[in-house]
Amino acid sequence: MIPFDLAEPKSLSEAIKLLDPDDATVRPIAGGTALMLMMKAGVFRPQKLVSLRKIESKYSGIVASHDGLRIGAMTTLGVIERSAEVRKHAPVITRTMITLSNVRVRNVATVGGALAHGDPHMDLPPVLMALGATITIVGPKGERSLALEDLFSGYYETTLEKNELIAEVHVPSQGPKKAAYMKVTTGSADDWPALGVAVVMEADGKAIKSARVVVSAATTKATRMKSAEAALAGKTVDDKVLAQAGDAAAEDAEILADVRGSVPYKRELIRVYVRRAVRAAIDGQGAH
Amino acid sequence: MIAARTINFTLNGAPVTADVKPHHNVVELLQAQFGLTGARETCGQGLCGCCTVIVNGLAVSGCLYLASFIDGAEVVTVESLDAGGKLSPVQEAFIETSAFQCGFCTPGFVLMVTQLLDEHPDPSDDQIKHYLTGNLCRCATYPEVMQAVKLAAKKRKGA
Ligand SMILES: Cc1cc2nc3c(=O)[nH]c(=O)nc-3n(C[C@H](O)[C@H](O)[C@H](O)COP(=O)(O)OP(=O)(O)OC[C@H]3O[C@@H](n4cnc5c(N)ncnc54)[C@H](O)[C@@H]3O)c2cc1C
Ligand code: FES
Ligand code: FES
């Protein structure tokens, strides 16, 4: 890697001051797993990295309350995976972790990095979006709250300013809602996904009241499939309803071709896997 | 020129000091300044496990870990396993089941299996496979590694 400077501020506010709204070569670093890959490949050449690893410890922990979880941005995926509170409030997250990368990456990668990177192939963004998560963003002018679905603006693009940081993620309790995440890999079993589908529904048996359906990896960014959600809301699940939801998502998705599949292939994957994910959620099978 | 900084950490139980630059990773540090070659950079992308080291009790990929970040940490490498002159149960099990051919991936596997057995003393096949998804063996000794894990689990219980 090419040389760069490294700052290690002791607080979030100090870190924000060290960032430059106009300079993309100054960037925060958390676990570094995503940034190191980009730096090694030479696609990112920083002047200076601002490490968040020494900021206040409250940003690397999980607090549960009656209505959900508050997860500090610096919390590692491994801590989230092993958290009894996460398993209780949002078991779909715990299940998602098993096939997310590997033990060593999860021990280092943070949830803040997984969201701020804007990488459409990551597994947590669709799951957290389907759960209705919001994030707290802190910048020079103070704090703001944002629905996670409004964070992603394009392929590796977010609505964060260069001197704003994600401080926390708020995840509403899953409660009686039914949820599933399906990760479709077309290379090795534990490869990055060719498609991710997350579904969270309020349902009474097979009668769906409301649904959130999020598709990722095949698309330019994790995206709510509102037409599929509409096809499910108020319906009782049967083959016809499932097919309508799958078709609606397949029609609407903005799909990107890459080494993991062509546009028509991924469109077909979406059609099939939206169906399967809804059925898995209704049957209480969760994720694979 | 970006200046080097001095970091202090514990390496296999002994307090040490090193001079690192911000762009150095842990593998570079261990090889260049401590002559430890058990962790080697291979894929360089977090996928293969050849660079495994333990930082504060957790396995990490040394190839994706900035050396500066181990300031103040406890670092354990594969070289610590036979420190008392005796192979660890996991090392013995790898030899007895021939769970390697060329041996290039072995230090990483041995460390990861040690961690696996600390967390799951009696792992199921599924647990073993999930835990070791990030370790690749070009010689494809995976079936023998499965046997080695089971033998090591037995040895550790007996010990
Ligand atoms: C081998 C390998 C396999 C992987 N497989 C998968 C997979 O199957 N599924 C999956 O979902 N992911 C996978 N990942 C990606 C992994 O989840 C991400 O690399 C990780 O989540 C990024 O977190 P980090 O803390 O390391 O981020 P960093 O690399 O430190 O940062 C990533 C980006 O986020 C920014 N950033 C970090 N924290 C903040 C913050 N608090 N506020 C604002 N900006 C911030 C940084 O500036 C940078 O742009 C894999 C990674 C590797 C190396
Ligand atoms: S060299 Fe680090 S995981 Fe392969
Ligand atoms: S024994 Fe040769 S790479 Fe594993």
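Everything here concerns the structure above.
Residue indices begin from 1 for each chain and proceed along its sequence in written order. Ligands are numbered from 1 and chains lettered from A, in the order in which they are written. Side-chain atom pairs in this predicted model are given and counted only at pLDDT of 80 or more, local residue features only at pLDDT of at least 70, and totals for whole chains, interfaces and linings cover all residues. The side-chain values count all of the structure's non-hydrogen atoms but skip hydrogen atoms and water molecules.

**Quick look at the overall build of chain B**
Let me state the cut-off plainly: Helical segments are the DSSP runs of H or I of at least four residues, strand segments are the runs of E of at least two, and each set is numbered from the N terminus. It is over C-alpha atoms that the radius of gyration is taken, and the globule rule equals 2.2 Å times the number of residues to the power 0.38. Here's how the labels work: a residue is buried when its accessible area is under 20% of the maximum for its type, exposed when over 50%, partly exposed in between, all with a 1.4 Å probe on protein chains only. In what follows, a contact means two residues having at least one pair of non-hydrogen atoms within 4.5 Å. All accessibility values rest on the Shrake-Rupley procedure with a 1.4 Å probe; residue burial counts only the protein chains present in the view. Asp and Glu count as negative and Lys and Arg as positive, but His and the ends of the chain are not part of the count. Charge positions come from single atoms, namely NZ of Lys, CZ of Arg, CG of Asp or CD of Glu.
Along the backbone of chain B there are 5 helices and 5 strands. For chain B, the α and β elements follow one another from N to C terminus as β-β-α-β-β-β-α-α-α-α. Its C-alpha atoms give chain B a radius of gyration of 16 Å, near enough to 15 Å, the size a compact globule of 159 residues would have. Overall size of chain B, expressed as C-alpha extent along the three principal axes, is 50 × 30 × 25 Å. With 159 residues in all, chain B has 48% of them scored as buried. A sequence separation of at least 24 residues applies to 55% of the contacts in chain B between residues at least 6 apart. By element, 53% of the accessible surface of chain B is carried by carbon and sulfur atoms, the whole surface being about 7,200 Å². Within chain B, the 15 negative side-chain charges are centred at a point lying 5 Å from the centre of the 11 positive side-chain charges.

**Points about the site of ligand 1**
To be explicit about the condition: Whether a residue is near a molecule or strand depends on its heavy atoms: it is near if one of them lies within 4 Å of it. Polar contacts, as counted here, are pairs of nitrogen or oxygen atoms within 3.5 Å of one another; within protein the pair requires one atom able to donate a hydrogen and one able to accept it, and residues that are adjacent in sequence qualify only if both atoms are side-chain atoms.
Ligand 1 sits among 33 residues. The nearest are P28, A30, T33, T110 and D123 of chain A. Nearby residues around ligand 1 are contributed by chains A and B. Measuring from an oxygen atom of ligand 1, one finds a backbone N or O atom of A34 of chain A at 3.0 Å. Between ligand 1 and the protein, one listed contact pairs a nitrogen atom with a backbone N or O atom of I166 of chain A at 2.9 Å. When isolated, ligand 1 has an accessible area of 980 Å², and the protein chains bury 97% of it. Only strand 2 (26–29), helix 2 (33–40), helix 7 (111–116) and strand 10 (165–172) of chain A provide two or more residues apiece to the shell around ligand 1.

**Structural notes on the packing of aromatic side chains**
Aromatic ring pairs are defined here through the distance separating the ring centres and the angle between the ring planes. Residues and elements named next belong to chain B. What counts, and what does not: Here the aromatic set is Phe, Tyr and Trp, taking the six-membered ring for Trp, and pairing holds for ring centres within 6.5 Å; pairs whose planes are under 30 degrees apart are stacked, those over 60 apart are edge-to-face, and all others are tilted.
Evaluated as defined, the whole model comprises 3 aromatic pairs over all chains. With a centroid separation of 5.8 Å and an interplanar angle of 80°, the aromatic rings of F9 and F34 are classed as edge-to-face. Here F9, found in strand 1 (residues 5–11), pairs with F34, found in helix 1 (residues 26–34); they are 25 residues apart in sequence, far enough to count as distant. Judged by centre distance (6.4 Å) and plane angle (90°), the rings of Y65 and F69 are edge-to-face.

**Looking at the pairing of strand 11 (residues 178–184) of chain A**
Residues and elements named next belong to chain A. What counts here: For two strands to pair, DSSP has to find at least two bridges joining them.
Here strand 11 lies mainly inside the structure; 6 of its 7 residues are buried. Looking at chain direction, strand 11 and strand 12 (residues 195–204) are connected through 7 bridges and run antiparallel. The residue of strand 12 that forms the bridge with K178 is M201.

**Remarks on the sheet that holds strand 1 (residues 5–7) of chain A**
Residue and element names in this part refer to chain A. Which entries qualify depends on this criterion: Note on geometry: axes are C-alpha line fits, over the in-contact stretch for helices, and angles between N-to-C directions span 0 to 180 degrees.
With respect to topology, 3 strands assemble into an open sheet ordered 1-3-2, the strand pairing being parallel. What marks the edges here is a single partner per strand, and that holds for strand 1 and strand 2. Each strand axis lies, on average, 25° off the axis of its neighbour in the sheet, ignoring direction. For strand 1 and strand 3 (residues 48–51), the ladder comprises 3 bridges, and the chain directions are parallel. In the strand pairing of strand 3, L6 is matched with L49. Most of the contacts of helix 2 go to strand 2, to which it runs at about 135°, and overall it touches strand 2 and strand 3.

**Thoughts on the interface of chain B and chain A**
The condition that has to hold: By buried area we mean how much accessible surface two parts lose on assembly, using a 1.4 Å probe and totalling the loss over both. The term salt bridge refers to a side-chain nitrogen of Lys or Arg lying within 4 Å of a carboxyl oxygen of Asp or Glu.
Between chain B and chain A, the residue contacts involve 30 residues of the former and 29 residues of the latter. Contact between chain B and chain A buries roughly 2,400 Å² in total, counting both sides, with carbon and sulfur atoms accounting for 61%. Considering only the side of chain B, the residues that lose the most area to chain A are H23, L64 and F69 of chain B, jointly responsible for 28% of the buried surface there. Counting the contacts that link chain B with chain A gives 2 salt bridges. Here chain B is connected to chain A by 12 residue pairs in polar contact (both at pLDDT 80 or more). Contributing elements (two or more residues each) for the side of chain B that touches chain A: strand 4 (58–61) and helix 4 (125–131) of chain B.

Without other data, these values stay purely geometric and don't point to any function.
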